[in-house]
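# Structural overview
One letter stands for each residue in the lines below.
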Amino acid sequence: MSNFYNQTRAASSLMRRLKRSLINPTAVTRPRCFTTAEGHRPTLVHKRSLDILHDPWFNKGTAFSMTERDRLDLRGLLPPNVMSSEQQIERFMVDLKRLEVQARDGPSDPNALAKWRILNRLHDRNETMYYKVLIANIEEYAPIVYTPTVGLVCQNYSGLFRRPRGMYFSAEDRGEMMSMVYNWPADQVDMIVVTDGSRILGLGDLGVQGIGIAIGKLDLYVAAAGINPQRVRYSFSYLVSFASENDYDRVLPVMIDVGTNNEKLLKTPCKKGDHTILSTDLGLQQHRLDGDEYIAVIDEFMEAVFTRWPNVIVQFEDFQSKWAFKLLQRYRNTHRMFNDDVQGTAGVAIAGLLGAVRAQGRPMIDFPKQKIVVAGAGSAGIGVVNAARKTMARMLGNTELAFDSAKSQFWVVDANGLITDERENIDPDALPFARNTNEAGRQGLREGSSLVEVVRQVRPDVLLGLSGVGGLFSKEVLEALKGSTSAKPAIFAMSNPTKNAECTPEEAFSIVGDNIIFASGSPFRDVDLGNGQIGHSNQGNNMYLFPGIGLGTLLSGSRIISDGMLQAAAERLAAYMTEDEVLKGMIFPPISKIRDITKEVAAAVVEEAVEEDLAEGYRDIDARELQKICQNEEEVLEYVENSMWSPEYPILVYKRD
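Quick notes on the rules
- Residues numbered from 1 in each chain as written.
- Predicted model: local features only at pLDDT ≥ 70, side-chain atom pairs only at ≥ 80, totals over all residues.
- Heavy atoms only, no water.
- Pairing = 2+ DSSP bridges.
- Helix = DSSP H or I, 4+ residues; strand = E, 2+ residues; numbered from the N terminus.
- Axes fitted to C-alpha atoms, helices over the stretch in contact; angles between N-to-C directions.
- Contact = heavy atoms within 4.5 Å.
- Phe/Tyr/Trp six-rings, centres within 6.5 Å; stacked < 30°, edge-to-face > 60°.
- Buried < 20%, exposed > 50% of the residue type's maximum accessible area, 1.4 Å probe, protein only.
- Core = buried A, V, L, I, M, F, W, Y, C linked by side-chain atoms within 4.5 Å.
- Expected span 1.5 Å × (residues − 1).
- UniProt positions renumbered as here; feature names shortened; annotations may be inferred.

### Some words on the sheet that holds strand S6 (residues 251-257)
Taken in spatial order, the five strands line up as S2-S6-S3-S9-S10 in an open sheet, and their pairing is parallel. At either end of the open sheet lies a strand with only one pairing partner, and these are strand S2 (167-170) and strand S10 (337-339). Taken over all neighbouring pairs, the strand axes of this sheet differ in orientation by 20° on average, direction set aside. Where strand S9 (residues 313-316) lies against S10, three bridges are found, and the strand directions are parallel. From the neighbouring strand, Val-314 faces S10, where its bridge partner is Met-337.

### Focus on the sheet that holds strand S14 (residues 462-465)
Read across the sheet, seven strands follow the order S13-S12-S11-S14-S15-S16-S19 without closing on themselves; strand pairing throughout is mixed. One side of each edge strand has no neighbouring strand; the edge strands of this open sheet are strand S13 (417-418) and strand S19 (537-539). As defined by bridge partners, strand S16 (residues 517-520) adjoins S19 across three bridges and the pair is classed as parallel. Bridge pairing in S19 links Ser-520 to Gln-539. Of the strands in this sheet, strand S15 (490-493), S16 and S19 are in contact with helix H21 (residues 505-512), which crosses S16 at around 160°.

### Overview of the packing of aromatic side chains
For the structure shown, the criterion picks out eleven aromatic pairs. An angle of 85° between the planes, with centres 6.0 Å apart, marks the rings of Tyr-131 and Trp-645 as edge-to-face. Taken together, the residues span a long stretch of sequence, with Tyr-131 in helix H6 (residues 127-136) and Trp-645 in the loop between helix H27 (633-642) and strand S22 (652-654) at a distance of 514 residues. Classification of Tyr-131 as buried rests on a relative accessible area of 2%. A relative accessible area of 7% places Trp-645 in the buried class. On the basis of an interplanar angle of 20° and a centroid distance of 4.5 Å, the ring pair of Tyr-294 and Trp-323 is categorised as stacked. Placement of the pair is Tyr-294 in helix H13 (residues 291-308) and Trp-323 in helix H14 (residues 321-331), with a sequence separation of 29 residues. Using a relative accessible area of 1% as the deciding quantity, one classes Tyr-294 as buried. By relative accessible area, Trp-323 is classed as buried at 6%. Ring pairs connect the aromatic residues Tyr-130, Tyr-131 and Trp-645, which therefore count as one cluster.

### Points about the nonpolar core
Residues Ile-192, Phe-301, Val-314, Phe-316 and Phe-492 are the most contacted members of the largest nonpolar core, which totals 171 residues. Residue contacts for Phe-316: discarding those within four places in its chain leaves Val-194, Ile-298, Met-302, Leu-327, Tyr-331, Met-337, Phe-338, Asn-339, Asp-340 and Asp-341. Counting residues in each nonpolar core, the second largest holds 28 residues, with Trp-411, Val-454, Val-477 and Ala-480 among its members.

### Structural notes on helix H16 (residues 379-395)
When the terminal C-alpha atoms of H16 are compared, their 24 Å separation across 17 residues agrees well with the 24 Å that a helix rising 1.5 Å per residue should span. In terms of burial, H16 is largely enclosed, as 14 of its 17 residues are buried. One or two positions beyond H16, positive phi appears at Gly-397, with a value near 115°.

### Focus on unusual backbone geometry
With an omega of 10°, the peptide bond running from Thr-147 to Pro-148 counts as cis. Assignment of secondary structure puts Pro-148 in the loop between helix H7 (138-145) and helix H8 (149-155). Here Asn-496 and Pro-497 are connected by a cis peptide whose omega angle stands at -10°. Summarising the element assignment, Pro-497 is placed in the loop between S15 and H21. Even without being glycine, Asp-73 reaches a positive phi, approximately 60°. Looking at the secondary structure, you find Asp-73 in the loop between helix H3 (66-71) and helix H4 (85-102). The phi dihedral of Asn-531 is positive, around 55°, even though this residue is not glycine. Relative to the elements of secondary structure, Asn-531 occurs in the loop between strand S17 (527-530) and strand S18 (533-535).

### Topic: the UniProt feature "binding site: (S)-malate" (unreviewed entry) in the protein chain
As recorded in UniProt, the sites labelled "binding site: (S)-malate" (unreviewed entry) are Arg-199, Asn-496 and Asn-541. With respect to the helices, strands and loops of the structure, Asn-496 is situated in the loop between S15 and H21. With respect to the secondary-structure elements, Asn-541 resides in the loop between S19 and helix H22 (546-556). Since its relative accessible area comes to 3%, Asn-541 is described here as buried. Ignoring sequence-local partners within four residues, the contact set of Asn-541 consists of Tyr-146, Thr-147, Val-348 and Gly-521.

In structure tokens:
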């Protein structure tokens, strides 16, 4: 654990442990052993022969042993050579490299989308192998199943659609959702990612096609957090599990289709023979609902899913700013939910901002002194600013005065320039960060001052981009940042997908200089600065946090997801990097370590849920037992690690239904 994490949490941690040791003096040192309920055991299935081979959950392909082939009537239906899962993956990887070009639908179909097609086909026929491939090659394939390729997938999803995955609730289903939710065959769902398709990444309104983002996020919940995607029922002896044709995923992607305001999706013609189909879009052919009608649809959805699955966790994803904050405030104190764009992006940005202070060689307590110019006042931008303000206030004593003074460290610029109290019809969420007109005037700024003017006059320590506008950090803006009062200014070009990044690392290092800290939302290659020096392109990816937040909430049984749990997650991520790494400009870890990162983040979330008395326990671990586990950091990590699912072929035993 790094010095930063020790500094920020040591005092409260010490008090917690002293308090608990008085209750149970032997608890801290008592040896414990955890076993996961997802352990290796035979699975009883009520299908065999070709039905097994056509079921992506139970299909092992050539990995079925000869005894299983006999038990399940598979002999003669497969080639005789029995392969290990490792041999299967090796064969798949060879084929993938060969088929990347062949899978392209013409020159306009890039290799990344071809990879997605191939992986999706594997997912359709063999889920276990799909997740094994994804976990083993997470650094290469996370950008395929998630950002940036998922943006391209969503733009083309109506044409890519082959097999339904997830559920669709539409405006036409009003009054029916409570019964509809039972059409999903799983009696237990742990995780839902829901979107209305109104603001997919930085691509705008993609309507029903936005379900691609929910599918991609849940793939990462499985791969990074070990959320078990498979529904199984365990026998009382815990020696076998039961599965049937009614078993279905415990992770559920959801699209709430209330129409679209994207005229291209409403009017795009499609030729089929001599006939013209008016639109290729799979969603409702109507403009978006608004106002109370929209709220009524979301309310009905939330009531339905929490009635059937009271302990489910719902992640809101890519809702337009107009609704993101309103829906978050509407449900967050009564439901297990969070908004990844508002809270997840904010947490990753906070971890990066704290890492930037460390990379500048300054003590962490200097974070409240950082001058931060923020480009973007949407849900992500304001979410980050709010979280950063709370972090600064906490470091300053967490008083009302500290909270009030912290807002003076931010200059927020939107499409109309610097936001001041002179702005007409200002968004209520941005209002707390509107600069005082007189104060701005003393700095040579005014209402609507351009980004380059603000950077030039403020001379910030950090330039933070969450605008969704590719190339916004122009040469002129980056030249202005050379006047920063920091010897090592930080540039965060966080907008996704890649084409929407405010600038590239090559632009940042070549214009501002070698001595900067760079981070982006989408992956970029490191920059060769010459003389053996590397300019690190840190990826501030939400996947560092949301899988751990979801897993930690699940394992703690917390009633809600509190600000403290989110703050603990961000701090643990910030602490993950060593001092040597951050001084070299590395403020985020490599994606290849995502399972270990998620374990750490989830452990921090569990600990904070217990500290705030929100935890109610999970499965056979009740709240009191969880308190005992949290007295020892190693035990918490062991509890989390043993609860993370890993894809392994189960032993299948046929049982007549």
